Amino acid sequence: MKVLITGGAGFIGSHVVRLFVNKYPNSQIYNLDKLTYAGNLANLSDIENKPNYTFIKGDIVDAGFINKLFEEHKFNAVIHLAAESHVDRSIADPLAFVFTNVIGTVNLLNAAKEQFKKDNASFKRFYHVSTDEVYGTLGDMGLFTETTAYDPHSPYSASKASSDHFVRAYFDTYKLPAVISNCSNNYGPYHFPEKLIPLCINNIKNNKPLPIYGKGENVRDWLFVEDHARAIDVIFHKAQDGSTYNIGGHNEWTNIDVIRLLCRIMDKKLNRAEGTNEKLITFVKDRAGHDLRYAIDSTKLQNELEWKPSLQFEEGLTKTVEWYLNNEEWLNNVTSGAYANYYEGQYVKR
Ligand code: NAD
Ligand code: DAU
């Protein structure tokens, strides 16, 4: 199998690339990434010299480049993760999200469709990695299932919803063998420190304020990133063409409770007196259009494909904190130098 993984230098993509390169030595894994501020080849330094791994720098928005790439390599499958992924950035610059998330996805679909048309048997799978945010927001009760109606609220989730619709349209219209998964919030190593958990880990480390939007009452359903990568592996290999799976941790937390737990874990790890880090919590202006609650029902995935999350949240969060504290160089590199302009939040216009 020649598998093209897009966005493999990003947070989740790097875990998926690592898993596939190590687990499937007889498959050739191609990682296509533009290396935006969120893409970092240091995320993959442990596997970069493996014989079944190839990195390709490129932009999925460039249709000519994508078509040539498919003609040259004749990939047997695509796992598509490349995206603009941060909601706050999408509020400041929606078009960047339309280009990469919508047009980039359609460019990949077109190239895969052409190859599938020429040789049906050789193209096995177009796997589109999506988000629970396409379903909008929940009240106090209920869970998102695979049949929940789409109701996106941010430019990010609108662009991901649009890309999901295109993937389904290519399955229905051209029979392109496509699958989609919609996952809840991930956390773990290599998470870019603009997102809530790694931002707060870095700020606690540096004794900086922990910005909590609104009252911190919004709820997210957190999943350890390696569990997401395992789910992608199972779905990639076992799902039926045209199917959708929700992936989530059954692990709902209000933002304020997540950050309080993080503060307690880091009090211990940094040998600070209990309660020290909590004093850094600072309530700030809410995110515009801030979805109140996400929660995933992953029963279909658990029952049909026998996947389940492996880690309890406190254990996963402790592992994550340890990783950041042991990888200071990675953290310093992504928060300084070339990345500083992005990291320091020139985009933050909530
Ligand atoms: P990320 O921002 O960490 O990584 C995105 C990667 O895509 C980066 O390496 C970046 O360089 C690359 N990229 C961006 N634009 C590109 C372009 N035009 N051409 C080629 N490469 C480009 O994102 P992530 O958090 O790892 O998310 C990966 C995917 O998973 C996204 O599709 C996202 O919507 C989805 N998702 C994320 C989460 C989460 O909690 N982070 C949850 C569910 C689904
Ligand atoms: O649900 C899946 C989605 O999770 C993915 O599709 C997105 O790519 C990913 O970025 C994530 O989106 P969120 O907006 O939920 O993640 P973020 O880490 O930005 O925010 C988590 C919660 O914390 C959210 O309610 C907003 C809040 N928040 C975030 C930041 C960055 C704060 O209170 N303060 C902050 O500084």
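Please refer to the structure placed before this passage.
What you are looking at is a predicted structure, and each value in this text was computed from that prediction instead of being measured.

A.B. asks: Looking at this structure, I do not really get the pattern of salt bridges. What am I missing?
C.D. replies: Tallied over the full model, the rule gives 14 salt bridges. A salt bridge links Arg 89 to Glu 194; the shortest N-O distance between them is 2.6 Å. Of the two residues, Arg 89 sits in helix H3 (residues 87-92) while Glu 194 sits in the loop between strand S7 (186-187) and helix H6 (196-205), which places them 105 residues apart along the sequence. By relative accessible area, which is 9% here, Arg 89 ends up buried. Residue Lys 117 is joined to Glu 114 by a salt bridge in which the shortest nitrogen-to-oxygen separation is 3.5 Å. Taken together, the positions of Lys 117 and Glu 114, both in helix H4 (residues 94-118) and three residues apart, correspond to about one turn of that helix. The exposure class assigned to Lys 117 is exposed, which follows from its relative accessible area of 58%. Through salt bridges with shared partners, a single ionic network connects Lys 113, Glu 114 and Lys 117.

A.B. asks: Can you help me understand the sheet that holds strand S4 (residues 77-80) in this one?
C.D. replies: Strands in a sheet are paired, the pairing made by backbone hydrogen bonds, and the direction either parallel or antiparallel. Ordered by their spatial adjacency, seven strands build an open sheet running S3-S2-S1-S4-S5-S6-S11, and the pairing between neighbours is parallel. What marks the edges here is a single partner per strand, and that holds for strand S3 (53-57) and strand S11 (244-247). Neighbour-to-neighbour, the strand axes of the sheet open up by a mean angle of 20 degrees, direction not taken into account. Both strand S5 (residues 125-131) and strand S6 (residues 178-183) contribute to a ladder of six bridges, which runs parallel. Paired with Ser 130 across the two strands is Asn 182, which belongs to S6. Where helix H5 (residues 155-174) meets the sheet, it contacts S5, S6 and S11, and its direction lies at approximately 155 degrees from that of S5. Here helix H7 (residues 225-238) sits on the sheet in contact with strand S1 (2-6), S4, S5, S6 and S11, set at roughly 145 degrees to S5.

A.B. asks: How should I be thinking about the packing of aromatic side chains in this particular structure?
C.D. replies: Aromatic ring pairs: the centre-centre distance and the angle between the two ring planes describe each pair. Using the criterion set out here, one finds 19 aromatic pairs in the structure. Among the aromatic residues, ring-to-ring pairing joins Tyr 187, Trp 222, Phe 224, Trp 253 and Phe 313 into one connected group. One Lys or Arg, Lys 113, reaches over the ring of Tyr 174 and ends 4.7 Å from the middle of that ring.

A.B. asks: When you look at the nonpolar core in this model, what are you seeing that I'm missing?
C.D. replies: In a soluble, globular protein the nonpolar side chains are often hidden away together inside. The biggest cluster of nonpolar side chains holds 33 residues, and the ones touching the most others in it are Ile 197, Leu 210, Ile 259, Leu 262, Phe 313 and Leu 317. Mapped onto this core, the elements with two or more residues apiece are H6, strand S8 (210-213), helix H8 (255-269), helix H10 (313-326) and helix H11 (328-334). Other than its neighbours up to four places away in sequence, Ile 197 contacts Tyr 187, Trp 222, Val 258, Leu 262, Phe 313 and Leu 317. Core analysis: the next-biggest nonpolar cluster, separate from the first, contains 30 residues, Val 16, Val 129, Cys 183 and Tyr 245 among them.

A.B. asks: Please explain the pairing of S5 as it appears in this structure.
C.D. replies: The two faces of a sheet get side chains in turn, since along a regular strand they alternate between them. Counting buried positions along S5 gives seven out of seven residues, so the element sits mostly inside the fold. The two faces of S5 match: Arg 125, Tyr 127, Val 129 and Thr 131 on one face and Phe 126, His 128 and Ser 130 on the other face are all buried. Bridging between S4 and S5 involves four bridges; their strand directions are parallel. Paired with Val 78 across the two strands is Phe 126, which belongs to S5. Once the chain exits S5 it traverses H5 before rejoining the sheet at S6, and the crossover so formed is right-handed.

A.B. asks: Help me understand the site of ligand 2 in this model?
C.D. replies: Taken together, 23 residues sit near ligand 2, with Thr 131, Asp 132, Tyr 156, Arg 287 and His 290 positioned nearest. Between ligand 2 and the protein, one listed contact pairs an oxygen atom with a side-chain N or O atom of Asp 132 at 2.5 Å. When ligand 2 is considered free in solution it has 690 Å² of accessible area, and contact with the protein chains removes 94% of it. Sorting the residues of the shell around ligand 2 by element identifies H6 and S8 as the ones contributing at least two each.

A.B. asks: Before we go on, may I ask you to explain H10 in this structure?
C.D. replies: In an α-helix, one turn spans 3.6 residues; hence positions three or four apart end up facing the same way. Taking 1.5 Å of rise per residue, 14 residues should cover 20 Å, and H10 covers 20 Å from first to last C-alpha, within 8% of that figure. Where the residues of H10 are buried, they touch S7, H6, strand S10 (223-224), strand S12 (252-254), H8 and H11.

A.B. asks: What should I look at first to understand the packing of H8 against H10 in this one?
C.D. replies: Angle between the axes and distance between the axes are the two parameters that describe a pair of packed helices. Two elements in contact, H8 and H10, have axes whose closest approach is 10 Å; the angle formed by their N-to-C orientations is 55 degrees. Our classification of the angle between H8 and H10 gives oblique. Like other packed secondary-structure pairs, H8 and H10 cross with a definite hand, here right-handed. Taking contact as the criterion, the partners of Val 258, Leu 261, Leu 262, Ile 265, Met 266 and Lys 269 in H8 are, on H10, Phe 313, Glu 314, Leu 317, Thr 318, Val 321, Glu 322 and Leu 325.

Cut-off values and rules
- Residues numbered from 1 in each chain as written.
- Chains lettered and ligands numbered in written order.
- Predicted model: local features only at pLDDT ≥ 70, side-chain atom pairs only at ≥ 80, totals over all residues.
- Heavy atoms only, no water.
- Salt bridge = Lys/Arg side-chain N within 4 Å of Asp/Glu carboxyl O.
- Helix = DSSP H or I, 4+ residues; strand = E, 2+ residues; numbered from the N terminus.
- Buried < 20%, exposed > 50% of the residue type's maximum accessible area, 1.4 Å probe, protein only.
- Pairing = 2+ DSSP bridges.
- Axes fitted to C-alpha atoms, helices over the stretch in contact; angles between N-to-C directions.
- Contact = heavy atoms within 4.5 Å.
- Phe/Tyr/Trp six-rings, centres within 6.5 Å; stacked < 30°, edge-to-face > 60°.
- Lys NZ or Arg CZ within 6 Å of the ring centre and 35° of its normal.
- Core = buried A, V, L, I, M, F, W, Y, C linked by side-chain atoms within 4.5 Å.
- Right-handed = clockwise from strand over helix to strand, strands pointing away.
- Near = heavy atom within 4 Å.
- Polar contact = N/O pair within 3.5 Å; in protein donor to acceptor, adjacent residues only side chain to side chain.
- Areas by Shrake-Rupley, 256 points an atom, 1.4 Å probe, with all protein chains shown as cover.
- Expected span 1.5 Å × (residues − 1).
- Parallel < 35°, antiparallel > 145°, perpendicular 65-115°, else oblique.
- Left-handed = near helix turned anticlockwise from the far one by under 90°.

Remember that the coordinates give geometry; whether it matters functionally is a separate question.
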